[in-house]
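# A look at the structure
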Amino acid sequence: MEVVVKDSYEEMSKLSAEMIAEVIRRKPRAVLGLATGSTPLGTYKELVRLHQQEGLDFSRAITFNLDEYVGLTHDHPQSYHFFMWENLFKQININAKNVHIPDGTAKDIPGFCRWYEEQIVKTGGLDLQLLGIGGNGHIAFNEPGSSLGSRTRVKTLDDKTRQDNARFFRSLNEVPKYAMTMGIGTIMDARQLILLANGAGKAEAIAKTCEGPITAIVPATIVQLHPKATIIVDKPAASKLSREYPAEPRILVLA
Ligand code: GLP
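Throughout, a residue's number is its position along its own chain's written sequence, starting from 1. Selection of residues for local features in this predicted model requires a pLDDT of at least 70, selection of side-chain atom pairs for listing and counting requires 80 or more, and totals for whole chains, interfaces and linings are taken over all residues. Just so you know, side-chain values use all the structure's heavy atoms and leave hydrogens and water out.

## Remarks on the overall build of the protein chain
Using the following cut-off: Here a strand is any run of E in DSSP of at least two residues, a helix any run of H or I of at least four, and the numbering for each starts at the N terminus. It is over C-alpha atoms that the radius of gyration is taken, and the globule rule equals 2.2 Å times the number of residues to the power 0.38. Exposure is judged per residue with a 1.4 Å probe applied to protein chains only, and the accessible area is read against the type maximum: over 50% gives exposed, under 20% gives buried, and values in between give partly exposed. In this description, contact between two residues means that some pair of their heavy atoms is separated by no more than 4.5 Å. Method for areas: the Shrake-Rupley scheme with a 1.4 Å probe, in which residue coverage is limited to the protein chains shown. Just so you know, the count uses Lys and Arg for positive and Asp and Glu for negative, and it drops His and the chain ends. Think of each charge as sitting on NZ of Lys, CZ of Arg, CG of Asp or CD of Glu.
For the protein chain, the helix and strand inventory stands at eight helices and ten strands. Relative to the 2.2 N^0.38 estimate, which gives 18 Å for 255 residues, the radius of gyration of the protein chain is 17 Å and therefore close to what a compact globule would have. Projected onto the principal axes, the alpha-carbon positions of the protein chain cover approximately 50 × 40 × 35 Å. Counting the 255 residues in the protein chain, one finds 57% classified as buried. Looking at the protein chain alone, contacts between residues at least 24 apart form 79% of all its contacts between residues at least 6 apart. Just so you have it, the protein chain exposes about 11100 Å², and 52% of that area is on carbon and sulfur atoms. Averaging the coordinates of the 30 positive side-chain charges in the protein chain and doing the same for the 29 negative ones gives two points 3 Å apart.

Laid out in structure tokens, this is it:
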């Protein structure tokens, strides 16, 4: 696991986008695991720029999103389907057939979860998984206490997560209570991880993730066991770390 502390959100976003771009340049049919939330927005903006100005080609790339709220239709402005199309897919040359996002409206949810896992395996497995982190240390929607070996399934959202995410909805009542999410085991199977965090609100969770003991109570701590994980943070998110960390990764692209 490598921790990289950047001066600004823009610099964090540039680095993560460059790492993703490098994976696609090396392997045009790369299988990318993507995340939602406000944190990866800068990365997506930079990927769009790389596509539009530097010709980064997504035509063969395959994507799998981490999670989706149960019950929100694809056109709901707070659904992760809507988020991904608005903030990334509409602006790059991805083939819609290669986009996979958990379907929170699926009639047979356990069946859908199994199918999702199978599709990841069928396409060759995730080459890179991008992650944000919740204020309570969750990754995707794997809330504290989630099995560290879990697979794609439905989780009940923590009150803290619903409160944190209420800013995107008209009221707390409108925030769904359940989400479909890749499991921690699913995420850990990816060949490379990038975890992003910015802002002082993430400082506690980042200190535990990087320097605390591995525990299901802080699901993100599992990344310590991943052989190719890069945690990219800004200075406020790094403010509770006890050690000094570099501003550049030792290895930009991992073979
Ligand atoms: C949601 C998502 C997570 C994300 C987290 C943090 O709960 N399921 O994948 O990491 O929010 O969101 P933000 O980046 O907006 O702080």
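## Notes on the site of the ligand
Our working definition: We call a residue near a molecule or strand when any one of its heavy atoms sits within 4 Å of it. What qualifies as a polar contact is a pair of N or O atoms within 3.5 Å, subject to a donor-acceptor requirement within protein and to the restriction that residues adjacent in sequence count only when both atoms come from side chains. Residues were grouped as follows: Ala, Val, Leu, Ile, Met, Phe, Trp, Tyr, Cys and Pro as nonpolar; Asp, Glu, Lys and Arg as charged; and all remaining residues, including Gly, as polar.
Surrounding the ligand, one finds 13 residues, the nearest of these being Ser38, Thr39, Asp67, His138 and Lys202. A distance of 2.9 Å separates an oxygen atom of the ligand from a polar atom in the side chain of His138. A distance of 2.6 Å separates an oxygen atom of the ligand from a polar atom in the side chain of Lys202. Calculation on the ligand without its partners gives an accessible area of 390 Å², and the protein chains cover 95% of this total. Class assignment of the residues belonging to the shell around the ligand gives a composition of four nonpolar, six polar and three charged.

## Considerations on the packing of helix 2 (residues 41–54) against helix 3 (residues 80–87)
Condition: In this description, a line fitted to the C-alpha atoms serves as the axis of each element, helices being fitted only across the stretch in contact, and the angle between N-to-C directions of two axes falls anywhere from 0 to 180 degrees. To sort the angles, those under 35 degrees are grouped as roughly parallel, those over 145 as roughly antiparallel, those from 65 to 115 as roughly perpendicular, and the leftovers as oblique.
The interhelical angle for the contact between helix 2 and helix 3, taken along N-to-C directions, is 40 degrees, at an axis separation of 10 Å. As the angle between them shows, helix 2 and helix 3 are arranged oblique. On helix 3, the residues that touch Leu41, Tyr44 and Val48 of helix 2 are Phe83, Met84 and Asn87. Its residues assigned to classes, the contact of helix 2 with helix 3 shows five nonpolar, one polar and no charged.

## Here's the deal with empty space enclosed by the protein
What counts, and what does not: The rule is simple: put a 1 Å grid over the protein atoms alone, call a set of points where a 1.4 Å probe fits but cannot get out a cavity, call an open set with protein on both sides within 12 Å along at least five of seven lines a pocket, and count a residue as lining if it has an atom within 4 Å of a point. Grid points are joined across faces, edges and corners, and a volume is the space filled by probe spheres set on the points.
Counting across every chain of the model gives one cavity of 30 Å³ or more. Roughly 30 Å³ of internal volume is contained in the largest cavity.

## Some words on the packing of helix 1 (residues 9–26) against helix 2
Counted only if it meets this: Less than a right angle of anticlockwise turn of the near helix away from the far helix marks a crossing as left-handed, whereas a clockwise turn marks it as right-handed.
Across the interface, helix 1 lies against helix 2 with an axial gap of 8 Å and an inter-helix angle of 55 degrees. In terms of orientation, helix 1 lies oblique with respect to helix 2. Here the hand of the crossing between helix 1 and helix 2 comes out right-handed. Residues Tyr9, Ser13, Lys14, Ser16, Ala17, Glu18, Ile20, Ala21 and Arg25 of helix 1 form the contact with helix 2, whose own contacting residues are Leu41, Gly42, Thr43, Glu46, Leu47 and Leu50. Looking at the contact of helix 1 with helix 2 residue by residue, the class counts come to seven nonpolar, four polar and four charged.

## With respect to helix 1
Formally: What a helix is expected to span follows from its residue count: subtract one and scale by 1.5 Å.
If you check helix 1, its first and last C-alpha atoms are 26 Å apart, about what 18 residues at 1.5 Å a residue would give, namely 26 Å. For helix 1, the full list of buried residues reads Met12, Ser13, Leu15, Ser16, Ala17, Met19, Ile20, Ala21, Val23 and Ile24. The inward-facing, buried residues of helix 1 contact strand 1 (2–6), strand 2 (31–34), helix 2, strand 6 (128–131), strand 9 (193–197) and strand 10 (229–234).

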